[in-house]
Structure formats: structure tokens, C-alpha cells
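Observations on the model geometry
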Amino acid sequence: MVLIKAAICGAGGGIGQPLSLLTAQNPHIGEVSLFDVVPSVHGVAADLSHLDGTAVVKGYTKENDGLKHALTGANVVIIPAGVPRKPGMTRDDLFKINASICRDLATGIADYAPDAIVGVVSNPVNSTVPVFVETLKAKGVFNARKVFGVTTLDIVRSSKFVAEVLGKPNEAPQYTIPVIGGHSGKTIIPVISQSQPKVDISGDKLNTLVNRIQFGGDEVVKAKDGAGSATLSMAYAGSKFLNAVVSSVYADKPSVIQAYVYLPELPGGDAIKNDIGKDVSYFSVSLQLGKSGVEKVLPVGPLSDYEKGLLQEALPELDASIVKGVGFGKSSL
Ligand code: NAD
Ligand code: LMR
């Protein structure tokens, strides 16, 4: 296989640095470009350029057309750029700053890497993905098969927390739990009833478990006490996302992931409104990945009555976040 190029925007940050480290270890990647607005990104790149892997690592800031050089030829771009939460903040509180950062990076992607696969990590994902989509649409390069909100950390947490509830924390990798909806509090809907292997968790235990998955991010924000939010677990999750996408699109190894996508222009996307009883344009769902990116949106599958209740609680907040992101994306161009 031809080695591909990955770009990490926000590579000097808490997520960006470890994500760049993990990305540089993917054997299908020949070049990793690290872009950030802080000059220390050059140090991160110098550091990672000494790894004895396949990847050549280069650092860029805005100086000397850095964004252009970082993005030109990139096959995959991951975006952990922007501010993280402090205790007492919601992800939505980040919108004001991060929406503009996302719009600017989306503009750069449209100009220099219009065919790239894009993974948006910057919060609030429920709104920043619509900002990306609207910007790419306005630039005439939007391809719904290739733009993802990265919700993998919710899936990672679900496996670990389920295993812990069962008293088997070392067995976390064995549990696969779909997580649908969005990436913020009540919009995160873990579908425990579809766990593989099946698990039997109900009543208060189930409530506590679901609440912990939905608000897992707050646990880290509180513990870091003002020093940011999840970085290392996010880099791990981001790397899982990137590896699955790279293998599916470039290495002939199709896979199924869940991510937050724009449904109206995806095969199978229309059917989701019947599955969840509402017409939503963005939703995190199971996706069949292949050479073109998303090949098919997979059905939500049966939900328990409890999960149907979670869905009803999620939809108003999700809707409002989408409207906000779409509005910003349309108005600022
Ligand atoms: P951080 O502050 O440590 O790093 C962010 C980096 O982005 C900084 O180095 C900053 O200089 C850079 N940056 C700012 N503006 C930029 C621009 N215009 N172009 C390129 N880089 C720019 O923050 P972090 O902890 O790494 O978190 C980054 C984002 O990821 C936050 O919005 C956070 O909420 C989000 N996040 C998402 C998930 C998820 O599951 N999707 C998980 C954790 C964190
Ligand atoms: C998370 O889920 O850890 C991230 O979205 C960061 C946050 O703000 O909680």
C-alpha cells in the first residue's frame, strides 16, 4: 500500500501531542504534519521525528503558509484544536471560541485538502461538526462520507465502565457497546442492551452506569481541577478512530465504527429517522466503513424501553446544538 499523509491540527495541545505520537506509529502513514498556533509545535515535531517508524514528522505554525503546507496532500486530518473545559463549564460554553477555530480550519481543509477524511475532536462536537459541514458545503467540497465527529471516547468509556460494574475491569476490551446520539451529557446514549457479549445490568446499577458514561468527561475535568479535560484517553480514542478509518479506506480492511455524522447525504442515513422516531440531520450511529469512507449507515437496532427514554431526553438538546452549529456555519461565511 502507498503510505498516506495525516495532519493533526492542534498538535501542540494536551490531546494533540499524544495523538501525534500514536499517529506516527501507524504503519500506513508516511508523513504526519503537526499544525498549531503555538511555536512549541516545532519542538513536538522535532521530538517525534526521531521515532524509528515509517512516518516523517513535520511541524507547522501559521508562519510561512504553515496551514497550507500542513494540509496539502493530507489524506486524513484530525482536529483537536481549541479550548478545553474547566470545572463548572459545559461543552457548549466552548462554542464561542471553538466554532471560529473550526470554521477557519475547515476553510483551510477546503482549500488545501478537499478530499481528506476529517475527524473533528474539538468541542462541542454536537455543534462543531455542523460548523465544519456548513463551511465545506459553502466551499463546494463537502463529502458526507468523509466528515466525522469523533465520539470514540464514549465507546471506550462504555467498555471500561461496564467491565468495572461487572467486577471484571481487566476484561474491558471484551465488551463492545454501541453509543449513539451525540457527544455531550444526556445526548450520549449508551446502548447497553446491545452489548457484545450480552450483560445483565438493571435498576440503580444501570442508572449509575449510564450516568457515568454520559458524564465521564466531567469526572476528568473535576479531577484535573482547572488544568483541562481528558487528553490521554482522548488521544487513545482518537488513535483508535484514525486507525480504523485508515485501515478501512486505505488498507482494504473494512470496519464498523460509531461516529457523529451528517445523515441526509449518506446511504442508509434516511432510515435513522424511522429507527429513532425523529428526523435529525446529525447523529452518532454505527457506520460501515470502506474505500470511500462511510459506505453505509447501519440501523440503530432494537432499543430497550429504558434506552428509548434516554433517546427522548437527548433529542431536544441535540437539536438545539445542531441548530446553533448550522446557524454559525451559514452566517459566518
Ligand atoms: P489544549 O488547550 O491542551 O490544546 C488545544 C490546542 O489547540 C492548543 O495547543 C492550541 O494552541 C491549539 N489551537 C488553538 N487554536 C488553534 C488553531 N486555530 N489552529 C490550530 N491549533 C489551534 O486542549 P485539549 O485538551 O487538547 O482539547 C482540545 C479540544 O478537544 C477541546 O475543545 C476539548 O473540549 C476537546 N475534546 C474532545 C473530546 C471528544 O471526545 N471529542 C475529548 C476530549 C477533549
Ligand atoms: C470528554 O468527554 O472527556 C471530552 O468531551 C472533554 C470534556 O469536556 O469533557
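Residues numbered from 1 in each chain as written. Chains lettered and ligands numbered in written order. Predicted model: local features only at pLDDT ≥ 70, side-chain atom pairs only at ≥ 80, totals over all residues. Heavy atoms only, no water.

In the nomenclature of an unreviewed UniProt entry, the chain is known as Malate dehydrogenase of Wallemia ichthyophaga. What UniProt records for the chain under Sequence similarities (unreviewed entry) is the sentence "Belongs to the LDH/MDH superfamily. MDH type 1 family." (UniProt positions renumbered as here; feature names shortened; annotations may be inferred.)

**Quick look at the pattern of salt bridges**
Going through the model one piece at a time under the given rule, you end up with 15 salt bridges. Lys137 is the partner of Glu134 in a salt bridge, and the nearest nitrogen-oxygen pair spans 3.8 Å. Placement of the pair is Glu134 and Lys137 together in helix α5 (residues 125-138), with a separation of three residues, close to one helical turn. Judged by its relative accessible area of 8%, Glu134 is buried. Residue Lys137 is classed as partly exposed on the basis of its relative accessible area, which comes to 30%. Across the pair Glu219 and Arg212 runs a salt bridge whose closest N-O atoms are separated by 2.8 Å. Glu219 gets classed as partly exposed once you look at its relative accessible area, which sits at 40%. By relative accessible area, Arg212 is classed as partly exposed at 28%. (Salt bridge = Lys/Arg side-chain N within 4 Å of Asp/Glu carboxyl O. Helix = DSSP H or I, 4+ residues; strand = E, 2+ residues; numbered from the N terminus. Buried < 20%, exposed > 50% of the residue type's maximum accessible area, 1.4 Å probe, protein only.)

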